[in-house]
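Chain by chain, the residues:
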Amino acid sequence: MDVVRLVKQAKKGSKEALLQLILSEKDAYYKLAFTYMGNAPDAMDAMEDMIVRLYENIHRLQKDTAFYSWSKTILVNSCKSMLKKRNKLVLMEDWPDAHPKEPEPAFIGDPYKRSDEQMDIEAMFIHINEHQREAIQLKYIHDLDYQTIADMTQVSIGTVKSRIFQGLKKLRARYGGDSDE
């Protein structure tokens, strides 16, 4: 697939070209959105928001070869925006006199079912701050390079490296492991 050619077509208004670009990385987008949102419906909503933003702003992309890092940055920003709105929202079941509901089974029909290992990792992440958690997840779960993480989180590469280093250091101190890396 020629990304640059498709980006140029998308900039000229080709919805098909943009769709082709998005579909070629749909799994990576979903995993990234799911990491932030924590459930399938919200991850899909974030992806939908990203697609709209991409369509509306594709003309602003200056470096055609950077489409995927640019689009992932937009997705992360969509997720963060949705999470901020969610935190401001008070649901009826959160009221003290709300009736208890039956707990829903987690991840029904979700292609990325939780494994014991994933739950162990999530339990470990409780002990580091959200910036460290985000940087570690983007680096080691989504296999993104430092520059892409820096662009997505709008901090310097040094800050990204520091967050990863400090987060891993806290995890090693808490759970043991080699400190000679």
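Look up: the structure comes first, before these words.
Residues numbered from 1 in each chain as written. Predicted model: local features only at pLDDT ≥ 70, side-chain atom pairs only at ≥ 80, totals over all residues. Heavy atoms only, no water.

## Quick word on the nonpolar core
If you look at the biggest cluster of nonpolar residues, it comprises 40 residues, and the most contacted ones within it are Tyr 29, Leu 54, Phe 67 and Leu 75. Elements supplying a minimum of two residues to this core: α1 (3-11), α2 (15-24), α3 (26-37), α4 (40-57), α5 (67-88), α7 (130-141), α8 (146-153) and α9 (157-175). Setting aside residues up to four positions removed in sequence, Phe 67 forms contacts with Val 3, Val 7, Leu 18, Leu 21, Tyr 29, Leu 54, Ile 58 and Leu 61. (Core = buried A, V, L, I, M, F, W, Y, C linked by side-chain atoms within 4.5 Å. Buried < 20%, exposed > 50% of the residue type's maximum accessible area, 1.4 Å probe, protein only. Helix = DSSP H or I, 4+ residues; strand = E, 2+ residues; numbered from the N terminus. Contact = heavy atoms within 4.5 Å.)

## Remarks on the pattern of salt bridges
What the rule picks out here adds up to 5 salt bridges. Between Asp 2 and Arg 5 there is a salt bridge; the shortest N-O distance is 3.9 Å. Accessibility expressed as a relative area gives 39% for Asp 2, which makes it partly exposed. (Salt bridge = Lys/Arg side-chain N within 4 Å of Asp/Glu carboxyl O.)

## Quick notes on the packing of α2 against α4
Relative orientation of the contacting elements α2 and α4 amounts to 135°, with a least axis distance of 11 Å. Overall, the two elements α2 and α4 adopt an arrangement that is oblique. Regarding α2 and α4, the two cross each other, and that crossing is right-handed. For the pair formed by α2 and α4, the contact residues are Lys 15, Leu 18 and Ile 22 on the first element and Met 50, Ile 51, Leu 54 and Tyr 55 on the second. Looking at the contact of α2 with α4 residue by residue, the classes come out as 6 nonpolar, no polar and 1 charged. (Axes fitted to C-alpha atoms, helices over the stretch in contact; angles between N-to-C directions. Parallel < 35°, antiparallel > 145°, perpendicular 65-115°, else oblique. Left-handed = near helix turned anticlockwise from the far one by under 90°. Nonpolar A, V, L, I, M, F, W, Y, C, P; charged D, E, K, R; others polar.)

## What about unusual backbone geometry?
The phi angle at Asp 143 is positive, at roughly 55°, despite the residue not being glycine. With respect to the helices and strands, Asp 143 occurs in the loop between α7 and α8. For Asp 143, a relative accessible area of 67% puts it in the exposed group. A positive phi angle, near 60°, is found at Gln 154, a position not held by glycine.

## Remarks on α7
A rise of 1.5 Å per residue sets the reference length of α7, with its 12 residues, at 16 Å; its end C-alpha atoms lie 15 Å apart and thus fit the reference within 8%. For α7, the N-terminal capping position is held by Asn 129, with its side-chain oxygen 3.0 Å away from the main-chain nitrogen of His 131. Looking one or two residues past α7, Asp 143 carries a phi angle of roughly 55°, positive in sign. (Expected span 1.5 Å × (residues − 1). Polar contact = N/O pair within 3.5 Å; in protein donor to acceptor, adjacent residues only side chain to side chain.)

## What to know about the side chain of Gln 132
For Gln 132, the location among the structural elements is in helix α7. A relative accessible area of 6% means that Gln 132 is categorised as buried. Of the polar contacts made by the side chain of Gln 132, one reaches the side chain of Lys 170; its length is 3.4 Å. When near neighbours in sequence (up to four residues on either side) are disregarded, Gln 132 contacts Arg 163, Gln 166, Gly 167 and Lys 170.

## Examining the packing of aromatic side chains
The relation between two aromatic rings is expressed through the spacing of the ring centres and the mutual angle of the planes. One pass over the structure, following the stated rule, counts 3 aromatic pairs. Ring geometry for Tyr 30 and Phe 34: centres 5.7 Å apart, planes at 40°, overall tilted. You can see Tyr 30 and its partner Phe 34 sitting in helix α3, 4 residues apart, about one turn around the helix. Comparing Tyr 30 with Phe 34 shows no difference in burial state: the two are buried. Taken together, Phe 67, Tyr 68 and Trp 70 form an aromatic cluster joined through their ring pairs. Lying across the ring of Tyr 146, Lys 139 places its NZ or CZ 4.4 Å from the centre. The ring centre of Tyr 146 lies 5.2 Å from the NZ or CZ of Lys 161, which sits over that ring. (Phe/Tyr/Trp six-rings, centres within 6.5 Å; stacked < 30°, edge-to-face > 60°. Lys NZ or Arg CZ within 6 Å of the ring centre and 35° of its normal.)

## Comments concerning the packing of α3 against α7
At a minimum axis distance of 11 Å, the contact between α3 and α7 shows a crossing angle of 155°. Relative to α7, the element α3 lies roughly antiparallel. Relative to α7, α3 is oriented so that their crossing is right-handed. Contacts from Lys 31, Leu 32, Thr 35 and Tyr 36 of α3 reach α7 at Glu 134, Gln 137, Leu 138 and Ile 141. Its residues placed into classes, the contact of α3 with α7 shows 4 nonpolar, 2 polar and 2 charged.

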